[in-house]
Amino acid sequence: MKLFILLSLCFLSFFNNVNHIAGAGRDAAGENPFSPKAYLMRYWSREIHNNLPKPSFLFSKASPLNSVDAVNFARLAAENSLSTHFPSFCSSAKLFCFPDLTNSLEKHDSDSNFIAYDDRNFTNYGTDRLGGVDSFKNYSEVNYVPVNSFTRYSRDSTDHKDKFAHYGTGRNVVDQSFQTYAAGATGGDGQFKNYNSEVNVAYLRFTSYADDANGRPQTFASYSERSNVGGGTFTSYGKNANGSPNEFSSYGKDSNVIASNFNNYGEKGNVNNDSFTSYGFNGNVPENNFKNYGAEANAGSETFSSYRDQSNVGDDTFQSYGKKSNSEKINFGNYGQTFNPGSDRFTGYGEAAKGQAIGFKIYGVNSTFKEYTNKKAMSLKQYTDANSEQAAKKLSGSLVNKWAEPGKFFRESMLKEGTVMPMPDIRDKMPERSFLPRTIVSKLPFSTSKIDGIKQIFHASDNSTMETIIKDSLSECERAPSAGETKRCVASIEDMIDFASSVLGRNMAVRSTDNVEGSKQNIQIGLVKGINGGRVTKSVSCHQSLYPYLLYYCHSVPKVRVYEADLLDPTTNAKINHGVAICHLDTTAWSPTHGAFLALGSSPGRIEVCHWIFENDMTWTIAD
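Just so it is clear, the structure is predicted and the values come from calculations on it, not from any experiment. (Residues numbered from 1 in each chain as written. Predicted model: local features only at pLDDT ≥ 70, side-chain atom pairs only at ≥ 80, totals over all residues. Heavy atoms only, no water.)

### Topic: the confidence of the model for the protein chain
Then comes step 1: Taken as a whole, the protein chain shows an average pLDDT of 79; of its residues, 77% reach a score of 70 or greater.
Then comes step 2: Note on residues 1–29: pLDDT under 50 across the span, and 32 contacts to partners over four residues away in sequence or across chains.
Then comes step 3: Across residues 370–401, where pLDDT falls below 50, the model places 64 contacts with residues more than four positions away in sequence or in other chains. (pLDDT = per-residue confidence, 0-100. Contact = heavy atoms within 4.5 Å.)

Next comes the structure, spelled out in structure tokens:
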């Protein structure tokens, strides 16, 4: 350690002397020769054995750190002290970090109307308010990665109304937290008209939602509609509430891989009428988990008009449903009529309940009841077997292409000049970040066994969104490779070069689609070129993972062909883009529910599947 510090100080002294020489210390490209980017250029020239131009799209992701900062942060990383310089490290290295929100001591003694609002922490908002209306018209509409926290919101208020017209709509990675929302409130109402719709990665938490409320209705008109990945958690929802109906008009509609957790839903509620008009409609692989649903509730009503209807696969758990409740009415109008069967588990259903009525008009595919202990108190009405051959054919015929965006997957025969086809949305929806220099990233912990150290560096508290993001990426990087796959997660361009060359050798090239023109439109295929003469070839494809610094999941799979193609406007025939596509010839090991088979109407091993390389993803091949 002492030797490292001594060498670092010597380097800094040398650099400062060089930097004072006019015109010295700059290479032909104007880059300081001691910067991480200049080192990368030299590394590329040494490791890549051809004269192809350096790829500007890849080099644009190199660390922006200057020479002095790179050495200082490397020293701090070696000393395990980066966390004490977190804000400067995050901004200088261009990382993805959530801000450390400071407590807000703002007082709101009169009605508040926030036209636009971002990145704040309300520790005490609207407590003990009497009457009035608070309105957030555009909440988190500007910031690309909004982080907001309401520690106490409308607690013990009376006849007070809260309105969120647009909450976090269209953002990228959203972290929103209501620790106590309307706890002990009497009268009034809460409205979320458009809550986190069209969000890319959402982490939404209501720790205590309307607990002990009295006569206060809550409405979510649109909750996480058309969102992609993430989930919402209601830790305690309506506990001990009295006469407080909650309505979700549209919950998770058209969303992709969204998880919803209701832990302790309506426990000991009295005369509450909760309604889910459309829950998880047309979702792709939704995961819904209700723990302790309606336990010891009295004389209320729970209605799911449409539950997970027309969704693909999915996983639902009702654990302890209606336990010890009294005279509750629960109606599932349409439960889980999916295209591909998911997994439904009802554990402890109606245990020790009295006078309870349950109605399932249509009860979905592959569903089971476990511990259905009080059958005499229940009535399963109008049970329709959605697992019948007729129902399955009806769903298959109408929904086969629903969950795969048009053009996301296609057949190899489509890659010929003159073909007109839809182009999916290939835009990169990840937060913008940069690689770290190898000198820094090599000193940072990167494994689930060292999660505490990683959380310390990036200020990720327990059960926080950042902790979830870090754990998810580590899990994917550490999982065993699939059959025939060679994989590695890389956090520097040098590491990416090393992995790609270990598969392809040193005469290699990296390719990506030029831009995003044509996204979500029809395109016409122009001139097509097959890499390696259109023959089966080796390739290394790299896809972004969500992590504080730029991290790529790179892997090589057997039996692929790679193509480049000019993409034209089908009306004018003008070139608008230059696309890179990869075709997987062996799909035997793919899941039968893979989106490619839903889109193309086949099954594993029977067809090849092609897709475009999206913005900021890439594939490496042997250079032509």
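Having seen it, we continue.
### Some words on the packing of aromatic side chains
Then comes step 1: With the rule as written, the count across this model stands at 18 aromatic pairs.
Then comes step 2: Between F234 and F262, the ring centres sit 4.7 Å apart and the planes meet at 0 degrees, which makes this aromatic pair stacked. Here F262 lies in strand β12 (residues 256–265) and F234 lies in strand β10 (residues 228–237), a separation of 28 residues in the sequence. For the pair F234 and F262, a shared accessibility class is recorded, and that class is buried.
Then comes step 3: Consider the rings of Y547 and Y549, whose centres lie 5.0 Å apart with planes at 70 degrees: the pair is edge-to-face. The two residues Y547 and Y549 agree in class, both being buried.
Then comes step 4: Through successive ring pairs, a cluster of aromatic residues spans Y153, Y181, F206, Y209, F234 and F262. (Phe/Tyr/Trp six-rings, centres within 6.5 Å; stacked < 30°, edge-to-face > 60°. Helix = DSSP H or I, 4+ residues; strand = E, 2+ residues; numbered from the N terminus. Buried < 20%, exposed > 50% of the residue type's maximum accessible area, 1.4 Å probe, protein only.)

### Notes on the sheet that holds strand β29 (residues 609–612)
Then comes step 1: The antiparallel open sheet is built from five strands, whose spatial order is β21-β24-β27-β28-β29. Edge strands, defined here as strands with exactly one partner in the open sheet, are β21 (420–422) and β29. Strand-to-strand twist across the sheet, computed as the mean angle between neighbouring axes with direction ignored, equals 45 degrees. (Pairing = 2+ DSSP bridges. Axes fitted to C-alpha atoms, helices over the stretch in contact; angles between N-to-C directions.)

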